[in-house]
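# Observations on the model geometry
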Amino acid sequence: MYELSPVIEDEEIARRVAEQFPEIRIEISALNRINLEAPHYCLPQLAAYLRDIEGFDHVASVTGIDYPDRNLVKVTYHLGAYAKLTIRRLVLSVSVDLPRQDAMTPSLVSIWPSAEYHERETHEMVGVMFEGHPNSNLLLLPEDWIDLPPLRKDFKLRGR
Amino acid sequence: MSELTLSVGPQHPGSGHFRLIICVDGDTITKATPDPGYVHRGIEKQAEYREYLHSIPLLERPVISDSNGSVYAYVLAVERLAGLKAPERAQYIRVLMAELNRIMSHLYWLAIYGIFLGHSTMFMWPFGDREVVIDLAQRVMGARLTYSFFVPGGVRNDLPHGFKDEALRATEFLEKRLHEYDAIFFKNPIFVERTRGVGILRHDDAIRLGVVGPTLRGSGVNADARKDEAYDVYDTFKFDVPAFPDGDCYSRALVRLEEIKQSIRIVRQALESIPEGPFRIRHPSVLKPPQGSVYSRTEAARGAYAYFIRSEGGKTPYRLKISSPSFRNLLAFQFLMKGSHLADMPTIYWSLDYWPLEADR
């Protein structure tokens with residue numbers, strides 16, 4: 001099924017991304033796991049590249065992590081591929097660091113429609129604004145929710 | 001004709017606590033907006049307050065019909081974080097139990113599909129037959145549905161004496177029944193009429209929407225985490241990934257029927273080749289994995305179930321993210337309902353095997 005061994009193919013992908021986007025940090029953390037750290041302004045171009053050239057055709061998950069000590073929120077997209085058989089085994093992650101007070105990043109829904117609900121959830125749970133998202137109403141939280149985004153670290157569970 | 005907006009749910013029969021906001025023009029749905037969140041429990045937040053082992057009962061609660069499937073990826077993630085490896089026998093037991101759970105979950109799905117289509121025999125049969133598998137699971141794991149059986153480093157118990165024979169008898173029984181299901185449900189003109197050509201999700205749309213599991217494979221994409229990124233001992237078994245190209249409710253139903261057959265194949269191979277040895281390794285009960293992140297995925301009954309865990313070196317995860325199949329299939333609602341008849345709404349709804357708790361977490 002594979003033309004190259006998985007390890008070599010991962011390195012090839014990393015090399016190509018590094019060539020296209022010199023400002024991105026790339027790490028192959030384990031077999032089948034490539035992690036990219038990108039500045040948020042180059043996210044749309046990077047996403048378009050990953051979809052059109054590398055073949056990552058859907059978003060499997062979007063996670064926001066709050067780091068109050070470092071005053072940042074890290075948003076991570078986990079991408080997968082269905083159509084391109086040789087990289088179905090891969091999970092490629094793209095992370096951006098955002099300032100905690102003004103966590104804003106371009107929405108990738110126009111590139112991956114599958115990101116829609118994941119971004120919406122990250123918006124309400126971690127308080128990240130996705131610029132250009134078609135609908136940022138509350139999804140899982142009650143419609144009258146006025147407290148902090150619950151997955152921020154300064155939101156404490158009562159009694160714990 | 002003027003449009004009418006209907007709120008279906010959150011107390012819709014069979015839908016669980018979930019609402020669909022539907023606009024209809026006459027009998028045609030012009031727009032459907034899913035409104036999940038009625039059973040959101042903040043499980044991701046709660047997991048941040050619990051030690052790694054203590055989270056297991058919590059994390060399997062969202063999907064009681066497939067509770068092994070929902071914690072499998074978590075256990076693998078924690079093992080990878082903490083540098084543990086389950087012994088081979090434990091991996092076989094996990095595969096066995098995960099496949100039994102898949103069979104249970106698909107039988108449950110088939111039974112409820114019967115209710116949705118007004119076919120009461122179809123409800124009774126799979127529901128009754130599911131008990132056979134539940135009894136089997138109970139013999140090993142000590143509970144009917146929520147087992148907390150998979151743990152980092154193995155499983156909680158070994159297989160009981162005589163399990164192999166019991167399990168083989170059960171698979172023979174099920175296989176016989178599957179032929180009968182095929183004759184009575186899947187070749188039933190009413191079932192075929194109600195599902196074929198209804199709620200069509202084409203190959204390209206399935207990929208674009210990023211759907212998972214039988215919904216994806218019912219659209220002809222044969223992706224399955226058990227093959228694409230085989231975990232534990234899945235790569236030692238011969239099985240197929242059934243996929244059907246039509247993308248309609250009938251295709252999705254067929255995928256699940258075929259998957260039961262494939263699960264039986266895996267169960268039989270595992271029973272034949274399971275090695276002797278320990279079923280769990282010893283490790284401190286309070287795990288303190290080093291700093292790091294792990295993303296792990298498995299194929300649960302409803303599709304790819306993934307966990308992303310960030311550890312900062314403490315006794316609890318710094319952040320735990322669940323990416324569940326039902327949540328990922330939500331987008332398909334909007335897409336499939338649009339343009340279909342109101343009477344086909346329940347057919348499409350349950351063809352996705354949507355589990356509200358799993359989506360809401």
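Residues numbered from 1 in each chain as written. Chains lettered and ligands numbered in written order. Predicted model: local features only at pLDDT ≥ 70, side-chain atom pairs only at ≥ 80, totals over all residues.

### What about the overall build of chain A?
Scanning chain A from N- to C-terminus turns up three helices and seven strands. Order of helices (α) and strands (β) in chain A, N terminus to C terminus: α-β-β-α-β-β-β-β-α-β. Expected size for 160 residues packed as a compact globule is a radius of gyration near 15 Å; at 17 Å, chain A falls within 12% of this value. Once the C-alpha set of chain A is aligned to its principal axes, its extents read approximately 55 × 30 × 30 Å. Expressed as a percentage of its 160 residues, the buried residues of chain A come to 41%. Taking contacts inside chain A between residues at least 6 apart in sequence as the whole, the part at least 24 apart equals 54%. (Helix = DSSP H or I, 4+ residues; strand = E, 2+ residues; numbered from the N terminus. Rg over C-alpha atoms; globule rule 2.2 N^0.38 Å. Buried ≥ 20, exposed ≤ 12 C-beta atoms within 10 Å, placed from the backbone. Contact = placed C-beta atoms within 7 Å.)

### Description of the sheet that holds strand β8 (residues 319-323) of chain B
Strand pairing within a sheet occurs via backbone hydrogen bonds; the two strands may be parallel or antiparallel. All names here are of chain B. Read from one edge of the open sheet, three strands run β6-β7-β8, paired in antiparallel fashion. With one partner strand each, in any of the chains shown, β6 (292-300) and β8 form the two edges of the open sheet. Ignoring strand direction, the axes of neighbouring strands in this sheet form an average angle of 10 degrees. Judged from the five bridges that link them, strand β7 (residues 303-311) and β8 form a sheet pairing that is antiparallel. Across the sheet, the residue bridging to Y307 is I322, located in β8. On the sheet, helix α3 (residues 67-82) packs against β6 and β7 and is oriented at approximately 150 degrees with respect to β6. (Pairing = 2+ DSSP bridges. Axes fitted to C-alpha atoms, helices over the stretch in contact; angles between N-to-C directions.)

### Quick notes on the interface of chain B and chain A
At the junction of the two partners, chain B supplies 28 residues and chain A supplies 27 residues. Per-element tally for the side of chain B that touches chain A: the top contributor is β7(B), with four residues.

### Quick look at the packing of α3(B) against helix α4 (residues 88-116) of chain B
Residues and elements named next belong to chain B. Look at α3 against α4: their axes get within 8 Å of each other, and the N-to-C directions meet at 140 degrees. Comparing their axes, α4 and α3 come out oblique. Side by side, α3 and α4 meet where S67, N68, G69 and Y72 of the first sit next to R94, M97, A98, N101 and R102 of the second. Class assignment of the residues belonging to the contact of α3 with α4 gives a composition of three nonpolar, four polar and two charged. (Parallel < 35°, antiparallel > 145°, perpendicular 65-115°, else oblique. Nonpolar A, V, L, I, M, F, W, Y, C, P; charged D, E, K, R; others polar.)

### Side note on helix α5 (residues 120-141) of chain B
Residue and element names in this part refer to chain B. The end-to-end C-alpha separation of α5 is 31 Å, in line with the 32 Å expected for 22 residues at 1.5 Å each. Looking at α5, one finds that the buried residues are M122, W125, P126, D129, R130, V133, L136, A137, V140 and M141. Directly beyond the C-terminal end of α5, a positive phi value near 80 degrees is found at G142. (Expected span 1.5 Å × (residues − 1).)

### A word on the pairing of β7(B)
Of all nine residues making up β7(B), nine are buried, and the element is well covered by its neighbours. Between β6(B) and β7(B), which pair antiparallel and follow one another directly, the connecting turn spans two residues.

### Topic: the confidence of the model for chain B
Close inspection of predicted coordinates is inappropriate for parts of the model with low pLDDT. All names here are of chain B. The predicted model of chain B averages 90 in pLDDT, with 99% of residues at 70 or higher. Within chain B, the lowest mean pLDDT, 87, falls on strand β1 (residues 4-8), and the highest, 94, falls on β8. We note a pTM of 0.90 for the whole complex and an ipTM of 0.90 for its interfaces. (pLDDT = per-residue confidence, 0-100.)

### A few points about unusual backbone geometry
Notably, N32(A) is not glycine yet its phi reads approximately 70 degrees, a positive angle. Phi angles above zero are rare outside glycine, and S148(B) is one such case at about 45 degrees. Relative to the assigned elements, S148(B) resides in the loop between α5 and β4 (150-151).

### Quick notes on the nonpolar core
Residues and elements named next belong to chain B. In terms of nonpolar packing, the biggest core is built from 145 residues, with A77, M97, L100 and Y307 touching the most fellow members. If you tally residues by element for this core, the top one is α4, at 15 residues. The contact partners of L100, leaving out residues within four places of it in the chain, are V133, L136, A137 and V267. (Core = buried A, V, L, I, M, F, W, Y, C linked by C-beta atoms within 7 Å.)

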